[in-house]
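Summary of the model geometry
Read off the chains here:
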Amino acid sequence: MQSAEELIARAREAARFTYSPYSRFPVGAALLCADGTVVTGANVENRSFGLSNCAERSALFAAVSQGRKEFTALAVVCTRAEAPVSPCGACRQALSEFCPPDMPVYYAGKDGAWQTTTIGGLLPQDALHGLKDGVR
């Protein structure tokens, strides 16, 4: 089991691999899988900004592409942010597809201070929660 601090450290390390020449806002994510594996991701931008991908979705999509679909925690680090920055709306929606509402989400800024919430806290009243294989 990874501690919050260990997962945050993995996310901070992942931010080194960001491609963010437009925003200059490097972000790393570390997604803890139910089997104990940690899959990391970094934000990857494109000059057509809508085609960019956040670190959280990069980690999620990599994990799912590896056959992992059960997750227990997520850490996100924005290494240039003055304060912790939580996942964006697109990431919240993508994460809610696979993650239980009570799954912890840790997010940190450049100074190391971090906050905690849950997937349900990020996306309250999500209609998908409670669905099993698309059926209530």
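This text gives an overview of the structure that appears in the document. (Residues numbered from 1 in each chain as written. Predicted model: local features only at pLDDT ≥ 70, side-chain atom pairs only at ≥ 80, totals over all residues. Heavy atoms only, no water.)

1. Description of the side chain of Asn43
- When you line up the elements, Asn43 lands in the loop between strand 2 (38–42) and helix 2 (55–65).
- Exposure remark for Asn43: the relative accessible area of 8% places this residue in the buried category.
- Polar side-chain contacts of Asn43 include one of 2.4 Å to the side chain of Thr18.
- In contact with Asn43, other than residues within four places in its own chain, are Thr18, Tyr19, Ser20, Phe25, Pro26, Val27, Asn53, Cys54 and Ala55. (Helix = DSSP H or I, 4+ residues; strand = E, 2+ residues; numbered from the N terminus. Buried < 20%, exposed > 50% of the residue type's maximum accessible area, 1.4 Å probe, protein only. Polar contact = N/O pair within 3.5 Å; in protein donor to acceptor, adjacent residues only side chain to side chain. Contact = heavy atoms within 4.5 Å.)

2. A word on the packing of aromatic side chains
- Scanning the entire structure with this criterion turns up 2 aromatic pairs.
- Each ring, one from Phe71 and one from Phe98, has its centre 6.5 Å from the other, and the planes form 80°; the classification is edge-to-face. In this pair, Phe71 is assigned in strand 3 (residues 71–78) and Phe98 in helix 3 (residues 89–98), connecting sequence segments 27 residues apart.
- Given a relative accessible area of 4%, Phe71 falls into the buried group.
- On the accessibility criterion, Phe98 (29% relative accessible area) is partly exposed.
- Taken together, a centroid distance of 5.5 Å and an interplanar angle of 90° make the contact between Tyr106 and Trp114 edge-to-face. (Phe/Tyr/Trp six-rings, centres within 6.5 Å; stacked < 30°, edge-to-face > 60°.)

3. Describing the sheet that holds strand 5 (residues 114–118)
- Read from one edge to the other, the open sheet built from 5 strands follows the order 2-1-3-4-5, with strand pairing classed as mixed. Edge strands, defined here as strands with exactly one partner in the open sheet, are strand 2 and strand 5. If you compare each strand with its neighbour and ignore which way they point, the axes differ by 15° on average.
- Direction of pairing for strand 3 relative to strand 4 (residues 104–108): parallel, over a ladder of 4 bridges. Its bridge partner lying in strand 4, Val77 is registered against Ala108.
- Contacts between helix 1 (residues 4–14) and the sheet are confined to strand 1 (27–33), strand 2, strand 3, strand 4 and strand 5, with strand 3 contributing the most and set at about 50° to the helix. (Pairing = 2+ DSSP bridges. Axes fitted to C-alpha atoms, helices over the stretch in contact; angles between N-to-C directions.)

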